[in-house]
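Reading the structure
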Amino acid sequence: MPEKSDKNYRERVYRIVRSIPPGRVMTYGQLAEILGDGYTPRTVGFVMHGSDDKTPWHRVLNAQGGCSTRGIVLPHDKQQRMLEAEGVCFNDRGRCDLRTYLWIPGEKTRNRAPSRKTTLFTN
DNA sequence: GACTTGACTAGAC
DNA sequence: AGTCTAGCCAAGT
């Protein structure tokens, strides 16, 4: 149980993000839900903004399976490229299939399903 | 201490 | 399928 220290929750976020294996991705909402203490995707995003090089921030995507870097200093292509290097396939719209690549902590690693026509989860 | 901004999301139109 | 709105929390001003 964290004591709700100032920067404790941030480390918690980093820790979770670091636990994401290569070739897998997580969403801000998912992270917020894991944190649970009333944290929201916004907060997670803000934390990720100050992530270190040790944190695989590129494995964190938005709920739509795309990069929400909002064109700050990070070229969205960069993140996509890094993920592609790890085996994540993106469609023409720059979105990956979360149903296939979404990582859920605690779940067993399952083989990556073959690209099923790049159908989006929320059709 | 109030106001604004931000690497978000879900729901409504 | 795309656009708009409201809710949410933390940090900076």
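The shown structure was predicted, so the numbers you read here are calculated from the model rather than taken from an experiment.

Criteria and thresholds
Residues numbered from 1 in each chain as written. Chains lettered and ligands numbered in written order. Predicted model: local features only at pLDDT ≥ 70, side-chain atom pairs only at ≥ 80, totals over all residues. Heavy atoms only, no water. Helix = DSSP H or I, 4+ residues; strand = E, 2+ residues; numbered from the N terminus. Buried < 20%, exposed > 50% of the residue type's maximum accessible area, 1.4 Å probe, protein only. Contact = heavy atoms within 4.5 Å. Areas by Shrake-Rupley, 256 points an atom, 1.4 Å probe, with all protein chains shown as cover. Axes fitted to C-alpha atoms, helices over the stretch in contact; angles between N-to-C directions. Parallel < 35°, antiparallel > 145°, perpendicular 65-115°, else oblique. Nonpolar A, V, L, I, M, F, W, Y, C, P; charged D, E, K, R; others polar. Arc of directions from axis to C-beta. Polar contact = N/O pair within 3.5 Å; in protein donor to acceptor, adjacent residues only side chain to side chain. Left-handed = near helix turned anticlockwise from the far one by under 90°. Core = buried A, V, L, I, M, F, W, Y, C linked by side-chain atoms within 4.5 Å.

Now for the overall build of chain A. Summing up its helical and strand segments, chain A has 5 helices and 2 strands in all. In sequence order, chain A lays out its α and β elements as α-β-α-α-β-α-α. Burial statistics for chain A: of 123 residues in total, 36% are counted as buried. Residue pairs at least 24 apart in sequence account for 61% of intrachain contacts in chain A once pairs closer than 6 positions are excluded. Accessible surface, chain A: about 8500 Å² in total, of which carbon and sulfur atoms supply 48%.

Looking now at the packing of helix H1 (residues 8-18) against helix H3 (residues 41-49). Two numbers describe a pair of packed helices, the interaxial angle and the distance between the axes. Look at H1 against H3: their axes get within 10 Å of each other, and the N-to-C directions meet at 85 degrees. Classified by the interaxial angle, the pair formed by H1 and H3 is roughly perpendicular. Residue-level inspection shows Tyr9, Arg10, Val13, Tyr14 and Val17 of H1 in contact with H3, the latter providing Thr43, Val44, Val47 and Met48. Of the residues assigned to the contact of H1 with H3, the class counts are 7 nonpolar, 1 polar and 1 charged.

A few words on H3. Those residues of H3 lying buried are Val44, Val47 and Met48. Down the axis, H3 shows its buried residues gathered within 100 degrees of arc, on one side only. With respect to the buried face of H3, the exposed residues turned more than 90 degrees away are Arg42, Phe46 and His49. Residues of H3 that are buried sit in contact with H1, helix H2 (28-35) and strand E2 (60-61).

Checked against the element boundaries, threonine 27 lands in strand E1 (residues 26-27). A polar side-chain atom of threonine 27 sits 3.1 Å from the main-chain amide nitrogen of glutamine 30. For threonine 27, the residues in contact, after removing those within four places along its chain, are Val60, Leu61, Asn62, Ala63, Leu98 and Leu102.

Relative orientation of the contacting elements H1 and H2 amounts to 125 degrees, with a least axis distance of 11 Å. It follows from the interaxial angle that H1 and H2 lie oblique. When the axes of H1 and H2 are compared, the crossing they make is right-handed. Contacts from Arg12, Val13, Ile16 and Val17 in H1 reach Leu31, Ile34 and Leu35 in H2. Looking at the contact of H1 with H2 residue by residue, the class counts come to 6 nonpolar, no polar and 1 charged.

Grouped together as the largest cluster of nonpolar side chains are 16 residues, with contacts concentrated most on Val13, Val17, Leu31, Val44, Met48 and Val60. Elements with a contribution of two residues or more to this core: H1, H2 and H3. A per-element tally of this core places H1 first, with 5 residues. Those residues in contact with valine 13, other than ones at most four positions away along the chain, are Leu35, Val44, Val47 and Met48.

Keep in mind that these numbers describe shape and distance, not what the molecule does.
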